[in-house]
Amino acid sequence: MWRSCFLVAVLTGSVFPVSGFSNGKVTVACGDMMPRHGDGPSPDPPPFSITVDTASFTPGDNITVTLQEASSTRTYFRGFLIEARDAGKPNSPAVGSFLLTDPQESQLLQCGDTQGSGVSHRRDSRKTRIQAVWEPPNNPPQRVQFLVTVLREYKVFWVKMAGPVVSLHGATAAPSTPAPPPTSSAPPLSEPFSSAGCGLSKSCLRDPVGCHPESDPACFFLSFVTDQQGGSMTFELSGPAEGYLAFALSLDKWMGNDDVYMCVSDGGSVTISAAYVSGRTYPEPAIQQDLWGRAWRLADGLIQCRFQRKIILPHADGRFNLSQSYFLFLANGRSQHGFIHRHDRQPLISSNQKEITGPPEDLGGSRSPLLIKIHGVLMLTVWMWMVSTAIFIARHYKNVWPEKTLLGQKLWFQLHRTMMVLAVLLTAVAFTLPFIYRMGWSKHAGSHPYIGCTVMVLSLIQLIMGALRPAPDSPRRIIFNWMHLVTGTAGQALAVACVFLGVSQQALLLPSPSSPAVLAAWLLWTLLAHLLLQIHSCTLRREGSDRENICSAQSWRQQPEEKSNVKKMVFVVFLLGNTAFLAAFITTIASV
């Protein structure tokens, strides 16, 4: 098991070269030119420039394109992607083709239908200057603009930097740099959205359930209704967000191959756009003319937007037919200069598929996948209830039931062993569930999975040591006792730390600060119960003996039979308290 955990950690640390495309094979990013790194572009001005050796061209000419560091700044870049596009249609496919001048540092890509229409890095070495030669197509657009994405480090990059515009001979000249990217011309909304009619005249998805966007600033809200003509639908989206709100239509509960609609705050206005997500990648822009009737509102940290689209878009790739059934995703996150970052929380996902043009419904949903919920419930059951109870029995109740047996063994031992074996088995089951859900290692879970791996290993070591324990009169018994104590204590301490980290995981984000506070109360409850019984045992022994050091560890292990009703009452109260804490968490998990 430790080898498996070590291998997972090593493989996790090796993700960078693959996810970062250090070999330059970035064809997947040809459309939006956005690195698939899970982060947004740098907000700082780019310290690089892109230049050409001529301002005009005719078919058959060669234009030398140079990407280099700015003259005032000493820096470098590791990765890049250069394309030439129709200056009047910057979101159109790349035009023309490139020739390489340095094959050791650059390579050709097929962006669209033309081989060699893009140039990228071949390796992630530090570069200060790169050149390529562009050849116009036979029927070029009148004006061509060079665009470049430059990556200095994995999380430091600049997307779609605007380069010079070159003009076809005889065409009207254009400025060498374009105007800033257009923002939405949609008008602001005059008043907030309302939840009136949810389930009656329109379908709604809300978080928390039943919240009202007109009065609750923490309400995430999506509504949609078929227009009177029956050929289009109106969507309304509202919620607290620093940068953007988005919803997606999906055929399953996994991100990927989804029809996405985004409302992005950008410079005091909101850009409303459609996109398509293929896999866990940055959204690829779709045809924006398919949306109309756009309007937005920014107030008190809320983003609200409205738009319309046709139910059926016959010629739009990646756009879904709204007369079919889909799962609905609702997400929010940060944005910079119109580019969105990875969502801050797990998206809200509708519980069931919904026919978008179907009868109005007030939909329910959850931000936590079922497998992760089961993982949380099992781990809390094991470590909050089962393990703590088993340790409580072994530490304080050996001499309360000294003669009672069960299946040939002392009662306390059978209870302790049965609970611990079940604990290891349930921990193993719960341990596998996040890997099944993620289909691998989670890069965004922090130290939680690493500590979880360690707890799993220690649990298996405890199980193996218990099965191989020497006889009570064996000289090796003392070694077993100490190893059993140290391993068990370490495992329990790490498991408690893992639980505290677990309640703040994005995939199972429990209410804060109430959830950590309840966990702290449970931990204090457990420690006080142990302290109370230890004091009680010491008091009983003092009454029966005047020897010194009566409460030493050796005398504790040799304590005589105690027929204490107090201990039995404490045990019942302890079980009831643990059960109450566990029930509170299970109820909370079920509601998120």
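Shown above is the structure to which this text applies.
This one's a predicted model, so the numbers in the text were calculated from it and none came from an experiment.

**Student:** I'd like to hear about the environment of valine 503, residue by residue, with values.
**Tutor:** Structurally, valine 503 is set in the loop between helix H6 (477–502) and helix H7 (514–544). Separated by 13 residues in the primary sequence, valine 503 and proline 516 have C-alpha atoms spaced 7.3 Å apart. Setting aside anything within four residues of it in sequence, one finds valine 503 in contact with Leu508, Leu509, Leu510, Ser515, Pro516, Leu519 and Phe585.

**Student:** Can you break down the sheet that holds strand E18 (residues 291–299) residue by residue, with the values?
**Tutor:** A sheet is described by the order of its strands in space; here six strands give the open sequence E18-E19-E13-E12-E11-E24, paired in mixed fashion. Only two strands of the sheet have a single partner each, and these edge strands are E18 and strand E24 (362–363). Where E18 and strand E19 (residues 302–310) come together, seven bridges link them in antiparallel fashion. Looking at E19, one finds that tryptophan 292 is bridged to glutamine 308.

**Student:** Tell me about the packing of aromatic side chains, and please be specific about residues and values.
**Tutor:** On inspection of all chains with the given rule, the structure shows 22 aromatic pairs. An angle of 90° between the planes, with centres 6.1 Å apart, marks the rings of phenylalanine 77 and phenylalanine 80 as edge-to-face. Taken together, a centroid distance of 5.3 Å and an interplanar angle of 55° make the contact between phenylalanine 431 and phenylalanine 435 tilted. Here the residue phenylalanine 431 and the residue phenylalanine 435 both occupy positions in helix H4 (residues 411–438), the gap between them amounting to four residues, near one helical turn. Judged by relative accessible area, which is 13%, phenylalanine 431 ranks as buried. Note on phenylalanine 435: relative accessible area 26%, which makes it partly exposed. Grouped by ring-pair contacts, the aromatic residues Phe224, Phe235, Phe247, Tyr261 and Phe307 constitute a single cluster. Sitting over the face of the ring of phenylalanine 220, arginine 367 holds its NZ or CZ atom 4.9 Å from the ring centroid. In this structure, lysine 567 is placed above the aromatic ring of tyrosine 397, and the distance from its NZ or CZ to the ring centre is 5.9 Å.

**Student:** Please provide a residue-by-residue account of the state of the cysteines, values included.
**Tutor:** This model, assessed by the stated rule, comprises four disulfides. What pairs with cysteine 198 in a disulfide is cysteine 204, and their sulfur atoms sit 2.0 Å apart. Between cysteine 198 and cysteine 204, the S-S torsion sits near -80°, and that sign places the bridge as left-handed. Take cysteine 204: its relative accessible area is 0%, and that puts it in the buried class. A sulfur-sulfur distance of 1.7 Å marks the disulfide that ties cysteine 263 to cysteine 305. Torsion about the S-S bond of the cysteine 263 and cysteine 305 cystine: about 60°, corresponding to right-handed handedness. In this pair, cysteine 263 sits in strand E15 (residues 258–266) while cysteine 305 sits in strand E19, placing the two residues 42 residues apart along the sequence. Overall, cysteine 305 belongs to the buried group, its relative accessible area being 0%.

**Student:** Go over empty space enclosed by the protein, please, and point to the residues and values.
**Tutor:** Over the atoms, a rolling probe the size of a water molecule traces out where space has been left empty. The final tally for this structure, using the stated rule, is three cavities of 30 Å³ or more. Looking at the largest cavity, its volume works out to about 610 Å³. As for the largest cavity, its lining consists of 33 residues, and the residues nearest its centre are His375, Pro434, His448, Gly502 and Gln505. Of all the secondary structure elements, the ones that give two or more residues to the lining of the largest cavity are helix H3 (370–396), H4, helix H5 (448–467) and H6. In the lining of the largest cavity, the residues fall into 20 nonpolar, 11 polar and two charged.

Thresholds applied
Residues numbered from 1 in each chain as written. Predicted model: local features only at pLDDT ≥ 70, side-chain atom pairs only at ≥ 80, totals over all residues. Heavy atoms only, no water. Helix = DSSP H or I, 4+ residues; strand = E, 2+ residues; numbered from the N terminus. Contact = heavy atoms within 4.5 Å. Pairing = 2+ DSSP bridges. Phe/Tyr/Trp six-rings, centres within 6.5 Å; stacked < 30°, edge-to-face > 60°. Buried < 20%, exposed > 50% of the residue type's maximum accessible area, 1.4 Å probe, protein only. Lys NZ or Arg CZ within 6 Å of the ring centre and 35° of its normal. Disulfide = S-S within 2.5 Å. 1 Å grid on protein atoms, 1.4 Å probe; cavity = no way out; pocket = protein on both sides within 12 Å on 5 of 7 lines; lining within 4 Å. Points joined across faces, edges and corners; volume = space filled by probe spheres on them. Nonpolar A, V, L, I, M, F, W, Y, C, P; charged D, E, K, R; others polar.

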